[in-house]
Amino acid sequence: MATRTVCRLLQRRYASTAAAVRPPAAEVHSQRNAVFSREQARQRALYPRIEKIEVSMQGPGLDGTMLIMNRGMSTPLSCARHLTEYHVTSSVLALVDGELWPLHQPLTHSCSLTLLTFKDNDPTLVNQAYWRSCAALLGQVLENAFKDNYTVELLSTPEVPVVSGAFCCDVALDPQLDSWSPSEESLRSLTRGAQQLIHQDLAWEPLEVAPSVALEVFSHSRYKQEEVEQKAAQNPKGTVMLYRCGDHVLLSGGPLVARTGLCSQYEVTALHGLGQGPIGLQRRAQGLSLPLQLQAHHTVWRKLRQRAEKLVEVPRPEEVTPPPPPPLTSQ
């Protein structure tokens, strides 16, 4: 018991010290944006001459369509604009030579391209990216929801399937808020913040970077720097993926959809306490959303919302059961 008390005191002291030295949120956002923009400009400068690539379109009514695009400049969205308004407004992600590709990420070579929508025969990949994007949106709202004298540390975003009933975003709030319990009005306020971002139809701009760049982006967050190192170690290319939405820069473990305007019904449903963690009291914010092309009647939405209020249990990495070893074969 005494050891646990000492640990909690150290956690609070660490959090309080971090709050004291961390600059205001506006300054942090400005610094992250500056590093993101500088690296984005550097990568674009790698293609000083306009070089043409051939993009072979795949999909219903598109097989055989060949587009001549600009290497390092044209994106899957650029290709969609050469087709129809439907392709522009309904496309969510792309497959480039079979690899999942953000709609705003430049194409670097001649390739085959498939535009993905929510109404595809198998929308599994799109749904996963949508759930991840909704969680990213929730994190952006949380980071801007409190006054400057309260620190907000966004933790890792749990990868949960759509069938879990709610998307999640883990967060550590300022120790001054440890006793705070969000009311229904607080949740409605967070929902309004998300809906404002949805109404602005902001793009999620992708940028694949070296770990050193991401560490500079998150120089004010020890937790995010550790997450950068973890994700870089897990990636065969040794890189990490950043996204920018408005003035918010985030680290993502997978592709996000093209823009916030693809969200329609969106509601923040709960903020659960998870207990003390390495940097203080951790909470799990949860929400529910449906994309623009899929709507639910209010009675169905109410039932879905009730389910989304319940805590989504996410197993810790050490709790995940490893796959059984392959059977031994005789020599």
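Above this text you will find the structure in question.
Residues numbered from 1 in each chain as written. Predicted model: local features only at pLDDT ≥ 70, side-chain atom pairs only at ≥ 80, totals over all residues. Heavy atoms only, no water.

Brief notes about the pattern of salt bridges
Convention followed: A pair is scored as a salt bridge if a Lys or Arg side-chain nitrogen falls within 4 Å of a carboxyl oxygen belonging to Asp or Glu. We count a stretch as a helix when DSSP gives it H or I for four or more residues in a row; a strand needs E for two or more, and each element gets its number in order from the N terminus. Partly exposed residues are those whose accessible area sits between 20% and 50% of the maximum for their type, while under 20% is buried and over 50% is exposed, using a 1.4 Å probe and protein chains only.
Taken as a whole and assessed by the stated rule, the structure comprises 17 salt bridges. Two residues, R42 and E39, come together in a salt bridge whose shortest N-O distance is 2.8 Å. With R42 and E39 both in helix α2 (residues 25–44), this residue pair falls three residues apart, about one helical turn. A relative accessible area of 45% places R42 in the partly exposed class. With a shortest N-O distance of 2.1 Å, E309 and R305 are connected by a salt bridge.

Focus: the packing of aromatic side chains
Convention followed: Pairing of aromatic rings covers Phe, Tyr and Trp, the last through its six-membered ring, and needs centres within 6.5 Å; plane angles under 30 degrees mean stacked, over 60 mean edge-to-face, and all others mean tilted.
By the definition in use, this model includes four aromatic pairs. Ring centres of F118 and Y130 lie 5.3 Å apart, and the angle between their planes is 85°; this geometry places the pair in the edge-to-face category. With a gap of 12 residues between them, F118 in the loop between β5 (111–116) and α5 (124–144) and Y130 in helix α5 connect regions that are remote in the sequence. For the pair shown, F118 and Y130 are each scored as buried. Relative to W180, the ring of F146 has its centre 5.7 Å away and its plane inclined at 90°; by these criteria the two rings are edge-to-face. Of this pair, F146 sits in the loop between α5 and β6 (152–154) while W180 sits in the loop between β7 (167–173) and α6 (184–200), and the two are 34 residues apart along the sequence. Ring-pair connections join several aromatic residues into one group, and the members of that group are W131, F167 and Y266.

Digging into the side chain of Q286
Rules: Side-chain atoms alone can form a polar contact between residues adjacent in sequence; in general such a contact is a pair of N or O atoms within 3.5 Å, and within protein one must be able to donate a hydrogen while the other accepts it.
If you trace the backbone, Q286 turns up in strand β12 (residues 280–291). Its relative accessible area of 0% is what places Q286 among the buried residues. Here the side chain of Q286 touches V312 through a polar contact of 2.8 Å, landing on its backbone nitrogen.

So, the nonpolar core
For clarity, the threshold we go by: Working definition of a nonpolar core: buried Ala, Val, Leu, Ile, Met, Phe, Trp, Tyr and Cys residues. They are joined through side-chain atoms within 4.5 Å. By definition in these notes, contact holds between two residues if any of their heavy atoms fall within 4.5 Å.
Counting 70 residues, the largest nonpolar core has V55, W204 and Y266 as the members making the most contacts within it. Per element, the largest residue contribution to this core is 11 residues, and it comes from α5. When neighbours within four sequence positions are excluded, V55 is seen to be in contact with T65, M66, L67, M69, C79, L107, C111 and L113. Listed in part, the 14 residues of the second largest apolar core include V35, A214, A232 and V249.

Section: the state of the cysteines
Covalent bonding between the sulfur atoms of two cysteines is what defines a disulfide. Cut-off, in case you're wondering: The rule for a disulfide is simple: a pair of cysteine sulfur atoms within 2.5 Å.
Evaluation of the coordinates by the stated rule reveals zero disulfides. The thiol of C111 is not disulfide-bonded; the next cysteine sulfur, from C79, is found 7.1 Å away. Owing to a relative accessible area of 8%, C111 belongs among the buried residues under this scheme. Free of any disulfide, C134 has its nearest cysteine sulfur in C263, 4.2 Å distant. The class of C134 is buried, set by a relative accessible area of 0%.

Here we look at helix α9 (residues 298–308)
Put simply, the rule is: Read the arc as the range of directions from the helix axis to the C-beta atoms.
All of the buried residues along α9 are W301, R305 and A308. Buried positions in α9, seen along its axis, are confined to an arc of 60° and lie on one side of it. Tucked inside the fold, the buried residues of α9 contact α6, β11 (263–277) and β12.

Structural notes on the sheet that holds strand β4 (residues 99–101)
Sheet strands associate in pairs through backbone hydrogen bonding, adopting either a parallel or an antiparallel arrangement. Stated formally: Should DSSP find at least two bridges between two strands, the strands are regarded as paired. Simply put, an axis is a line fit to the C-alpha atoms, just over the touching stretch for a helix, and the angle between two N-to-C directions goes from 0 to 180 degrees.
Strand order in the open sheet formed by five strands is β2-β1-β5-β3-β4, with mixed pairing between adjacent strands. Of all the strands in the sheet, the pair left with one neighbour each is β2 (66–70) and β4. Ignoring which end each strand starts from, the neighbouring axes of this sheet average 35° apart. One ladder, built from four bridges, connects strand β1 (residues 52–58) with β5; its direction is parallel. From the neighbouring strand, Q58 faces β5, where its bridge partner is T114.

Details of the sheet that holds strand β10 (residues 248–252)
If you walk across this open sheet you meet the three strands as β8-β9-β10, and the pairing is antiparallel. Each edge of the sheet is formed by a strand with only one pairing partner; in this case those strands are β8 (205–209) and β10. Averaged over all pairs of adjacent strands, the angle between their axes in this sheet comes to 30°, without regard to strand direction. As paired elements, strand β9 (residues 240–245) and β10 share five bridges and run antiparallel to each other.

Digging into unusual backbone geometry
Of note in the backbone geometry, D97 takes a positive phi value of approximately 55° without being a glycine. We note that D201 has phi near 55°; this positive angle belongs to a residue other than glycine. Mapped onto the elements of the fold, D201 is located in the loop between α6 and β8. Residue classification places D201 among the partly exposed positions, given a relative accessible area of 37%.

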